[in-house]
Amino acid sequence: MIVTPIKTRVLIPPQDDLLDAMRHSIKSLAEKSIVVITSKTVSIWEGRCLSQSAHKRDGLVPEEAEYYFPKIKTPLFEYQAAIKHNAFIASAGIDKSNSGNYFTLLPLKPNESAKIIWAWLRKKYGIRNCGVLITDSHLMPFRRGTVGLSIGFYGFEPLTDYRGTPDLFGNPLQVTLRNVADGIAAAAVAVMGEGNESTPIAVVTDIPFVRFISRPYRPKNPGDGLLVKPRDDVFYPLLRKAKWKKGRGGKEIRKLLR
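Residues numbered from 1 in each chain as written. Predicted model: local features only at pLDDT ≥ 70, side-chain atom pairs only at ≥ 80, totals over all residues. Heavy atoms only, no water.

### Structural notes on the pairing of strand 14 (residues 201-205)
- Of all 5 residues in strand 14, 4 are buried; the element is thus mostly enclosed.
- Sheet topology places strand 1 (residues 2-6) next to strand 14; 5 bridges connect them, and they run antiparallel. Considered in strand 14, the bridge of Ile-2 is made with Thr-205.
- Across 4 bridges, the pairing between strand 2 (residues 33-38) and strand 14 is antiparallel. Each residue of the ladder has a partner; that of Ile-37, found in strand 14, is Ile-201. (Buried < 20%, exposed > 50% of the residue type's maximum accessible area, 1.4 Å probe, protein only. Helix = DSSP H or I, 4+ residues; strand = E, 2+ residues; numbered from the N terminus. Pairing = 2+ DSSP bridges.)

### Thoughts on the pattern of salt bridges
- The tally for this structure, following the rule as stated, stands at 10 salt bridges.
- Between Asp-16 and Arg-9 there is a salt bridge, with the nearest N and O atoms lying 2.8 Å from each other.
- Given the relative accessible area of 35%, Arg-9 is considered partly exposed.
- Salt-bridge contacts for Lys-40 lead to Asp-95; the nearest nitrogen and oxygen are separated by 2.9 Å. Of this pair, Lys-40 sits in helix 2 (residues 39-46) while Asp-95 is found in the loop between strand 8 (87-90) and strand 9 (102-104), placing the two residues 55 residues apart along the sequence.
- One salt-bridge network, in which partners are shared between bridges, spans Arg-9, Asp-16, Asp-20 and Arg-23. (Salt bridge = Lys/Arg side-chain N within 4 Å of Asp/Glu carboxyl O.)

Structure (structure tokens):
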């Protein structure tokens, strides 16, 4: 797998043209590439920015999150833990870094945003098979620093199913699936950086383990998709004991509090 960061001009909040920036920065695109884009640049493209002088992040979290905690204080900083787009993300992804005097919200419907960009890439570069992956950064328990996370994708299957295939010793695997989407997101965000690199895009090539598709992703069996219902999640026993508050953003994660 080859991950190439792409430098672009600075996209200016509250709204700027991501496709124009991509047009000038990506000169060509090979078949079977995945274009990884930070959610912040997608949000600026879609105008999902609010003035910091007119809003407070603490007040925006209940509006954006599906579920959230009251403010948490750590030795390093304060934040509100939240669930947004089926991911555990600090402050529902509301960010003020690299956003000028604005708060940048997460894209409203990242899979639909990825589909629009996917169609534009195919037409612009004359290719048939490609993928688009929209990322955000998140924290992991007991680890310092952020890693990349997929919040939207289109054009490829996000999982590789190993169930029923033999391991090194011939024993059939029973539960193993490879999370392609989040694995590529982590690798791409690592090379794109988090500061003033101005590389909000990465092109990923030489990925023979990825299956490209030209339709919305649908798992073969219901319940086998990338996103897991809370009751089926390995962390559900911990999540259900937390004192979540229901937010007003996005689709509700049903029965999380039960």
